[in-house]
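The lines below spell out each chain.
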Amino acid sequence: MRLDKFLKVSRIIKRRTVAKEIADKGRITINGKVAKSSSDVNVGDTLVINFGNKTLTVRVDDLVETTKKNDAADMYTVLKENYKETF
């Protein structure tokens, strides 16, 4: 599954266009390698997503084409969530 579609379906990022934009800026890595929006995501991959002041590390647990809101969180496991301190 494409990275941008996974982020949208899993509801980590709400819109696919936003997911594509973030990925194409080099702010997402898959297993330590910088990923583009068209990169393939597989079960067991580790994603590191850099938002503005937050870094989210997740492991891909499941890939489905569509899902309900309640089941979206079952697609991944949050491994780490860091916030940058602002002064």
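Note that the structure is a prediction, hence the values are computed from the model and not measured.

With that settled, the discussion passes to unusual backbone geometry. Residues other than glycine seldom take positive phi values, yet R11 does so here, at roughly 65°. Assignment of secondary structure puts R11 in the loop between α1 (3–9) and α2 (16–24). The backbone of N31 sits at a positive phi, close to 50°, despite the residue not being glycine. A residue is classified by how much of its surface remains accessible, and N31, at 47% relative accessible area, is partly exposed.

Every regular strand shows the same layout, with side chains that alternate between the two sheet faces. Residues L47 and I49 point to one face of strand β3 (residues 46–50) and are all buried, whereas T46, V48 and N50, pointing to the other face, are not buried. Strand direction decides the pairing type here: strand β1 (residues 28–30) and β3, joined by three bridges, are antiparallel. Bridge pairing in β3 links I28 to I49. Relative to strand β4 (residues 54–60), β3 runs antiparallel, the two sharing five bridges.

Turning to a positive patch on the surface, a few remarks are in order. A cluster of like positive charges, contributed by K8, R11, K14, R15 and K69, occupies part of the molecular surface. With respect to the helices and strands, K69 occurs in the loop between β4 and β5 (76–83). On the basis of relative accessible area, K69 is assigned to the exposed category, the value being 66%.

What counts and what doesn't
- Residues numbered from 1 in each chain as written.
- Predicted model: local features only at pLDDT ≥ 70, side-chain atom pairs only at ≥ 80, totals over all residues.
- Heavy atoms only, no water.
- Helix = DSSP H or I, 4+ residues; strand = E, 2+ residues; numbered from the N terminus.
- Buried < 20%, exposed > 50% of the residue type's maximum accessible area, 1.4 Å probe, protein only.
- Pairing = 2+ DSSP bridges.
- Patch = residues over 30% accessible without salt bridge, like charges linked within 9 Å, V, L, I, M, F, W, Y side chains within 5 Å.
- Areas by Shrake-Rupley, 256 points an atom, 1.4 Å probe, with all protein chains shown as cover.
- Salt bridge = Lys/Arg side-chain N within 4 Å of Asp/Glu carboxyl O.
- Lys, Arg positive; Asp, Glu negative; His and termini not counted.
- Charge placed at Lys NZ, Arg CZ, Asp CG, Glu CD.

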